[in-house]
Structures are given as structure tokens and as C-alpha cells.
Amino acid sequence: MTRALPPSPWPATLLLVGAGVVSAVQVGKAPAAMQAVQSALVMPLSQAAWLLSAFGVVGAVFGIAIGLAADRFGARRALIAGLLLQGIASAAGAMAQGPALLIASRIVEGIGFLGAIVAAPALIAHIAPGRHAAGPLAAWSTFMPAGMALILFASPCLLLYGWRALWWAGSATALVFAGAVAWLAPRIPAARENASTAALLRQTLLARGPICLLLLFMLYAGAWFALFGLLPVVLHDGLAPTPAKANALTALAIGAGAVGNLLGGALAAHGARPSSALAWAFGASAVLALVVAAAPLSPAWRFGLVVAFAVVSGIVPPALFAEAPSQAPHPAAVGVTLGMMMQGNNLGLVAGPAAGAALTVAGGWPALGAGVAAAACTAVAVACWLLPRTESNLKSRFA
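In this text, all values refer to a predicted model and were calculated from it rather than measured experimentally. (Residues numbered from 1 in each chain as written. Predicted model: local features only at pLDDT ≥ 70, side-chain atom pairs only at ≥ 80, totals over all residues. Heavy atoms only, no water.)

Considering the nonpolar core
Part 1 of the reasoning: Val37, Leu79, Met144, Leu216, Phe228, Leu278 and Met341 are the most contacted members of the largest nonpolar core, which has 117 residues in total.
Part 2 of the reasoning: Take this core: its biggest share by element is 15 residues, from helix α1 (residues 10–41).
Part 3 of the reasoning: Leu68, Leu214, Ala333 and Val336 belong to the second largest nonpolar core, which has eight residues in total. (Core = buried A, V, L, I, M, F, W, Y, C linked by side-chain atoms within 4.5 Å. Buried < 20%, exposed > 50% of the residue type's maximum accessible area, 1.4 Å probe, protein only. Helix = DSSP H or I, 4+ residues; strand = E, 2+ residues; numbered from the N terminus.)

In C-alpha cells, the structure reads:
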């Protein structure tokens, strides 16, 4: 028997967005505490950058599998499991005495993060079907900048008690939200389609649309994490002489991305074609990154352009989430398609911080800006020439 949908999707949507924010906190605590961890555990920057990259290593390998599991066994269960994994792994990281255990715990957190961020939008698509999905999915797309800004703003107080306090805080919030989701989130039946798992997986893996979404999210995440993951360290060399000020400025820049998320959601709700929004957002991001790389700017002006980059690039995630249902080759493959998108996110998360650290060491801001611009220009080409043109059919997928 199919349960009646709630009259308004927003209470459940806000709970699910909160779970996403808590998951993003696990990502944001690493750049917030990077300098403290480097000092406490005697880690060079090239090794400390893997506190971000290791978070996505396993997710980059198993993103599709987790998406398929969410389709087959239920997105609600996948979300709860993802939050529990993040909470347990963050507690283990808080007790680490050396880099090995800390990085290993980040890998487990990456699995939980991926499970949560694949499952939550799938749940939102069920509780806000058809034309009602644009607003809730736009709200969902704010989870990353909101969570990272939250932990960066809170980090100066938490760091008074050492870097481990951030890990304990991440653990507590993840476990609390796991309980809240288990108690309050609507129960959505797992997919029961005639298509076999193997056939569904093969169909999705060979479809051009999901592949393009994977590439676009990979390029976006790689550029985003390369820039913002290392921004506190770069700011420390110029505009922000103290870690607390660097983290506050980074939080401001990342939080500005939420404005772009809402703008992207508004564009989708008013009928803008997601592929066009993607091309314009990536193109403007490339221009901003090139100006940052080439222009002789003061630290304040450079930071202002980074804030503008955050707003413009923030249009990308809601456009991708809005496009995913129409690019899925089968109604039962939406979770797999989201898993492929998140696999791209994790591939970018793996490559971005390490590449950003290497570029920053080699050539400072100019080299980092040029690398980000190159990734954005590649994404423009994918959005314009490779992404299949589809009608906006959220209604047909979920009505």
C-alpha cells in the first residue's frame, strides 16, 4: 500500500537538508583545522591535503554502488547508515595519534558522506514529486556551503580546545541527526521494478547523460575544493595573518555559495534549461578565475573575486540536481544516476585539494587560479556539446 504524501514537503525537506549540512560539516572541519592538525601531528601541507582527498577516495570508487543500493534497499536506510558511519568514524579520528588512523577514518567518513548525499535528494524527489521538486531540491543544494560555513564560523571557538574538538563535534551532530532521521523522516518504499539490477546498472553506465553529469560534477568539485579547501592556508599568507581570521573569511566566501545555490534553484523553478545555466555558470567562473590568476590584485580585491566566484559557481549544484532525473535512463535509475554524480563529486574531491596544493606550492595564487579556470572551461565544453538536450521532465519522472 502506498502511503499518502504529506500536505507540505518542507518539514521533511528541512530535516533532510539538515542531514546534508551535518555531512558537509565533516568535510569543512578538515580545512578549518588543517593548520592545527599539521602542527599537532607534524604533517606537511602535501600530506595534510589528503585530509580532504582521503574523504572521497572510497566514495569515488563506490559512488555508483551506493546509489544502486539506495534504489534497491531504500534511500531512508541509506541516509541513516551514512550518518551513523560519519559519526562513528569522526569519533575514531578524534582519538587518532598519527596521520595513518586519521586519514583512514576520513575514508570511512567519505563512505558515510556519499551514502547520505545520494540518499537525501532521492528522498526529497519522492516527498516533493513533479513540479513541486524544484524548490526543495534547490534548498538541498545549499547543504555544502551551509555546512562548511557553519563549521568554519564555529571553528575558532572549538579550536580553543584543540583540533580534536572539531572531530568530536562532527561525531555528535552526525549521530544526533541519524536518530532524528530514523524517528522523523517519511518511510518511502524501496524501488520494486522489473528491470534487473545488472541491466539497470549497465543501462545507466552506458548512457551519455549520466556520464556527462559525472564529468560536470567532477570538474566542479575539483575546482571548488582546490580553491576553497586551501583558501585558509593561502589567506594566512596575505589577507588573514591568523588562522581564526582566515577561517572566518573562508566561511564568508563559502557561505556566499549558498546565494548561488538559491539563485540556481530559482532559475530552475522559473523554467531555465539546466544545461544553459551550467554553461553560463562555468563560463563566468572561468573568467573570474582567470582574473584572479592574471591581474595584479591586492589581497582584498582577490578575496572579493573569490566571493563572486562562490556565488556564480553556486548555480552549478542545483542545475545538476534538477537535470539528474531527466538524464536518468529509467525511473528506477535515479539513485544510480545521483550515485554517478556523487562519484564525480568524490573524484573531484580526491584530485582537487592535492592538485590545488601542488599548484599553490609551485606558483601561488596565479597557478591555482589558472588551474581552476582550465577545469571550468572544460566543463563549459561538456555542458554545451556533450550533455544531451532533454525536456524538463521532473513531472514525468516523479508524478
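A closer look at the confidence of the model for the protein chain
Part 1 of the reasoning: Mean pLDDT for the protein chain: 83, with 90% of residues reaching 70 or above.
Part 2 of the reasoning: For the protein chain, the element scoring lowest by mean pLDDT is helix α17 (residues 394–398), at 39; helix α8 (residues 164–184) scores highest, at 95.
Part 3 of the reasoning: This stretch, residues 392–399, has a pLDDT under 50; its non-local contacts, to residues over four places away or in other chains, come to 20 contacts. (pLDDT = per-residue confidence, 0-100. Contact = heavy atoms within 4.5 Å.)

Comments concerning the side chain of Gln327
Part 1 of the reasoning: Relative to the helices and strands, Gln327 resides in helix α15 (residues 316–327).
Part 2 of the reasoning: By relative accessible area, Gln327 is classed as buried at 7%.
Part 3 of the reasoning: Polar side-chain contacts of Gln327 include one of 2.7 Å to the side chain of Glu323.
Part 4 of the reasoning: Residue contacts for Gln327: discarding those within four places in its chain leaves Gly209, Pro210, Leu213, Leu387, Pro388 and Thr390. (Polar contact = N/O pair within 3.5 Å; in protein donor to acceptor, adjacent residues only side chain to side chain.)

A few points about a nonpolar patch on the surface
Part 1 of the reasoning: Together, Leu84, Ile88 and Leu175 line one region of the surface with nonpolar side chains, adding up to about 260 Å² of accessible area.
Part 2 of the reasoning: Its location among the elements puts Leu175 in helix α8.
Part 3 of the reasoning: The class of Leu175 is partly exposed, set by a relative accessible area of 37%. (Patch = residues over 30% accessible without salt bridge, like charges linked within 9 Å, V, L, I, M, F, W, Y side chains within 5 Å. Areas by Shrake-Rupley, 256 points an atom, 1.4 Å probe, with all protein chains shown as cover. Salt bridge = Lys/Arg side-chain N within 4 Å of Asp/Glu carboxyl O.)

Topic: the environment of Ala146
Part 1 of the reasoning: Its location among the elements puts Ala146 in helix α7 (residues 143–159).
Part 2 of the reasoning: Residues Ala146 and Val21, 125 residues apart in the sequence, show an inter-C-alpha distance of 6.2 Å.

A closer look at the pattern of salt bridges
Part 1 of the reasoning: In total, this model carries two salt bridges according to the counting rule given.
Part 2 of the reasoning: The shortest N-O distance in the salt bridge between Glu109 and Arg106 comes to 3.3 Å. Taken together, the positions of Glu109 and Arg106, both in helix α5 (residues 99–127) and three residues apart, correspond to about one turn of that helix. With respect to class, Glu109 is no different from Arg106; both count as buried.

Quick look at the side chain of Ser141
Part 1 of the reasoning: Topologically, Ser141 is positioned in the loop between α6 (134–140) and α7.
Part 2 of the reasoning: Ser141 has contacts with Asn261, Pro317, Pro318 and Phe321, leaving out every residue within four places of it along the chain.

Section: the packing of aromatic side chains
Part 1 of the reasoning: Considering all chains together, one arrives at six aromatic pairs under this definition.
Part 2 of the reasoning: An angle of 90 degrees between the planes, with centres 5.1 Å apart, marks the rings of Trp163 and Trp167 as edge-to-face.
Part 3 of the reasoning: On the accessibility criterion, Trp163 (6% relative accessible area) is buried.
Part 4 of the reasoning: Under the relative-accessibility criterion, Trp167 is labelled buried at 0%.
Part 5 of the reasoning: Geometrically, the ring pair formed by Phe217 and Phe321 is edge-to-face, given 6.2 Å between the ring centres and 80 degrees between the ring planes. Residue Phe217 is found in helix α10 (residues 208–229), and its partner Phe321 is found in helix α15; the two are separated by 104 residues along the sequence.
Part 6 of the reasoning: Taken together, the aromatic side chains of Trp140, Phe143, Phe217, Tyr220 and Phe321 make up a single cluster linked through ring pairs. (Phe/Tyr/Trp six-rings, centres within 6.5 Å; stacked < 30°, edge-to-face > 60°.)

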